[in-house]
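Geometric and topological summary
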Amino acid sequence: MASTVKEYRPSDDEPFMNERQQEYFRQKLLAWKEEILEESRSTIASLQQDTVAEADLADRATSETDRALELRTRDRQRKLIAKIDAALRRIEDGSYGYCEETGEPIGLSRLEARPIATLSLEAQERHERRERVHRDD
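Residues numbered from 1 in each chain as written. Predicted model: local features only at pLDDT ≥ 70, side-chain atom pairs only at ≥ 80, totals over all residues. Heavy atoms only, no water.

1. Overview of the overall build of the protein chain
Each helix and strand in the protein chain was counted, giving 5 helices and 0 strands. Walking the protein chain from its N terminus toward its C terminus, one meets helices and strands in the order α-α-α-α-α. For the protein chain, long-range pairs separated by at least 24 residues make up 55% of all intrachain contacts whose partners lie at least 6 apart in sequence. Surface exposure of the protein chain reaches about 9,500 Å², of which carbon and sulfur atoms provide 50%. (Helix = DSSP H or I, 4+ residues; strand = E, 2+ residues; numbered from the N terminus. Contact = heavy atoms within 4.5 Å. Areas by Shrake-Rupley, 256 points an atom, 1.4 Å probe, with all protein chains shown as cover.)

2. Concerning the nonpolar core
In this structure, Phe25, Leu29, Ile84, Tyr96 and Leu111 are the most contacted members of the largest nonpolar core, which totals 21 residues. Sorting the residues of this core by element identifies α2 (19-49), α3 (57-93) and α4 (108-113) as the ones contributing at least two each. For this core, the element with the most residues is α3, which contributes 6 residues. Dropping the residues within four chain positions of it, phenylalanine 25 is found in contact with Pro10, Met17, Ile91, Tyr96, Leu108, Leu111 and Glu112. (Core = buried A, V, L, I, M, F, W, Y, C linked by side-chain atoms within 4.5 Å. Buried < 20%, exposed > 50% of the residue type's maximum accessible area, 1.4 Å probe, protein only.)

3. Looking at the confidence of the model for the protein chain
When pLDDT is averaged along the protein chain, the result is 87, and 88% of the positions lie at 70 or above. By mean pLDDT, helix α1 (residues 2-7) is the weakest element of the protein chain at 55, and α4 is the strongest at 96. Scored below 50 in pLDDT, residues 1-5 shows 5 contacts in the model against residues more than four places distant or in partner chains. (pLDDT = per-residue confidence, 0-100.)

4. A short note on α3
Between its first and last C-alpha, α3 extends 54 Å over 37 residues, near the 54 Å set by a 1.5 Å rise per residue. Among all positions in α3, only Ser63, Arg74, Gln77, Leu80, Ile81, Ile84, Ala87, Leu88, Arg90 and Ile91 are buried. With its phi angle positive at about 85°, glycine 94 sits one or two positions after the end of α3. (Expected span 1.5 Å × (residues − 1).)

5. A short note on the packing of aromatic side chains
Scanning the entire structure with this criterion turns up 4 aromatic pairs. An angle of 80° between the planes, with centres 5.1 Å apart, marks the rings of tyrosine 24 and phenylalanine 25 as edge-to-face. Note on accessibility: tyrosine 24 and phenylalanine 25 belong to one class, buried. Each ring, one from phenylalanine 25 and one from tyrosine 96, has its centre 5.7 Å from the other, and the planes form 45°; the classification is tilted. Of this pair, phenylalanine 25 sits in helix α2 while tyrosine 96 sits in the loop between α3 and α4, and the two are 71 residues apart along the sequence. Residue classification places tyrosine 96 among the buried positions, given a relative accessible area of 2%. An aromatic cluster of at least three residues, connected via ring pairs, comprises Tyr8, Tyr24, Phe25 and Tyr96. (Phe/Tyr/Trp six-rings, centres within 6.5 Å; stacked < 30°, edge-to-face > 60°.)

6. Notes on the pattern of salt bridges
For the structure shown, the criterion picks out 12 salt bridges. With a shortest N-O distance of 3.6 Å, lysine 79 and aspartate 75 are connected by a salt bridge. On the criterion of helical spacing, the pair formed by lysine 79 and aspartate 75 is a turn pair, its members being 4 residues apart in helix α3. Owing to a relative accessible area of 47%, lysine 79 belongs among the partly exposed residues under this scheme. One salt-bridge network, held together by shared partners, links Arg9, Lys28 and Glu112. (Salt bridge = Lys/Arg side-chain N within 4 Å of Asp/Glu carboxyl O.)

As C-alpha cells, this is what we get:
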C-alpha cells in the first residue's frame, strides 16, 4: 500500500476523503512527524556534544543564543507534533478533512499544503479577521 500511496495524488474527481485519500494523508502526516522526531533526536545529540564551555565571552554568548533558538524551534515542533497527532485521530474518527466550524470539506489543495488544517480557507480567513479586529482593540 505504501508504494501506491507515494504514486497517488488526491483528485477532486473522486469522492472526498475516500479510503485512498485518508491513507494518503495519514502517510503524509506520519512521514512529517517522523521527520520532526529525527530532527529532534539530532538536536539532542548535538546539544549533548556541545557542552564544552567557551572561553571567550562572545563565543559563549553566541553558543547560548544558538542553543536557545534551537530549543525554541524544537518547542514549536513539539506543538506541531501534537497537531499532527490530532489530525491522525481525526482520520481515525472520520472527521479529517472537514471544517471544524462549518462541517464543509476543507479542500484537497489546502490539505495538501497544510495537512493539519482544521478550518476551510473561508473559515480561516474569518478567524484571522476576528483576531485582527480584537488585536486592534
